[in-house]
Amino acid sequence: MGGLSQPSVQGSGAMKKWGFIALHAAVAAAFIFLLQRFSLNASLESSLLWALTFAVCAAGLAYKQTIR
């Protein structure tokens, strides 16, 4: 019976990992978008491009942290 419950525990850990990565990317994107758009008065296109860039970088960093 113990062997049957093991994959569900690993699946739960995988969901937490990808959830952490997605949350990290979303927070970074929202932060840089709001900073660019409202504090620095950048254009919408520029703000979205920077938000996408920071989201990808933040997701990469979060992924590196989870595989340690």
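Residues numbered from 1 in each chain as written. Predicted model: local features only at pLDDT ≥ 70, side-chain atom pairs only at ≥ 80, totals over all residues. Heavy atoms only, no water.

1. Topic: the overall build of the protein
Here is step 1 of the chain: Looking only at helices and strands, the protein has two helices and zero strands in total.
Here is step 2 of the chain: Burial statistics for the protein: of 68 residues in total, 18% are counted as buried.
Here is step 3 of the chain: Sequence-distant contacts in the protein: of pairs separated by 6 or more residues, those separated by 24 or more amount to 55%.
Here is step 4 of the chain: Within the structure as shown, the protein displays about 5100 Å² of accessible surface, and the carbon and sulfur contribution to it stands at 72%. (Helix = DSSP H or I, 4+ residues; strand = E, 2+ residues; numbered from the N terminus. Buried < 20%, exposed > 50% of the residue type's maximum accessible area, 1.4 Å probe, protein only. Contact = heavy atoms within 4.5 Å. Areas by Shrake-Rupley, 256 points an atom, 1.4 Å probe, with all protein chains shown as cover.)

2. Details of the environment of Leu23
Here is step 1 of the chain: Its place among the elements puts Leu23 in helix α1 (residues 2–39).
Here is step 2 of the chain: Along the sequence, Leu23 and Ala55 sit 32 residues apart, while their C-alpha atoms lie 9.7 Å from each other.

3. What to know about the packing of aromatic side chains
Here is step 1 of the chain: Here the structure, examined in full by the defined rule, presents two aromatic pairs.
Here is step 2 of the chain: Pairing Trp18 with Tyr63 gives two aromatic rings, centres 5.9 Å apart and planes at 25°, and the pair type is stacked. With a gap of 45 residues between them, Trp18 in helix α1 and Tyr63 in helix α2 (residues 44–66) connect regions that are remote in the sequence. (Phe/Tyr/Trp six-rings, centres within 6.5 Å; stacked < 30°, edge-to-face > 60°.)

4. Describing unusual backbone geometry
Here is step 1 of the chain: Not every positive phi belongs to a glycine, and Asn41 is a case in point at roughly 55°.
Here is step 2 of the chain: Following the sequence through the fold, Asn41 ends up in the loop between α1 and α2.
Here is step 3 of the chain: Of the residues examined, Asn41 reaches a relative accessible area of 63% and is grouped as exposed.

5. Some thoughts on a nonpolar patch on the surface
Here is step 1 of the chain: Taken together, the side chains of Trp18, Tyr63 and Ile67 define a hydrophobic patch exposed on the protein surface, amounting to about 320 Å² of accessible area.
Here is step 2 of the chain: Residue class for Tyr63 comes out partly exposed when judged on its relative accessible area of 34%. (Patch = residues over 30% accessible without salt bridge, like charges linked within 9 Å, V, L, I, M, F, W, Y side chains within 5 Å. Salt bridge = Lys/Arg side-chain N within 4 Å of Asp/Glu carboxyl O.)

6. As for the nonpolar core
Here is step 1 of the chain: In terms of nonpolar packing, the biggest core is built from five residues, these being Ala25, Ala29, Ile32, Ala51 and Ala55.
Here is step 2 of the chain: Of all elements in the fold, only α1 and α2 reach the threshold of two or more residues within this core.
Here is step 3 of the chain: Residue contributions to this core peak at three residues, all from α1.
Here is step 4 of the chain: Ignoring any residue separated from it by four or fewer positions in sequence, one finds Ile32 in contact with Trp50, Ala51 and Phe54. (Core = buried A, V, L, I, M, F, W, Y, C linked by side-chain atoms within 4.5 Å.)

7. Looking at the UniProt feature "transmembrane region" (unreviewed entry) in the protein
Here is step 1 of the chain: The sites that UniProt annotates as "transmembrane region" (unreviewed entry) are residues 18–35 and 47–63.
Here is step 2 of the chain: Between the C-alpha atoms that bound residues 18–35 there is a distance of 26 Å. The span itself is 100% helix and 0% strand.
Here is step 3 of the chain: Segment residues 47–63 splits into 100% helix and 0% strand. End C-alpha atoms: 24 Å apart. (UniProt positions renumbered as here; feature names shortened; annotations may be inferred.)

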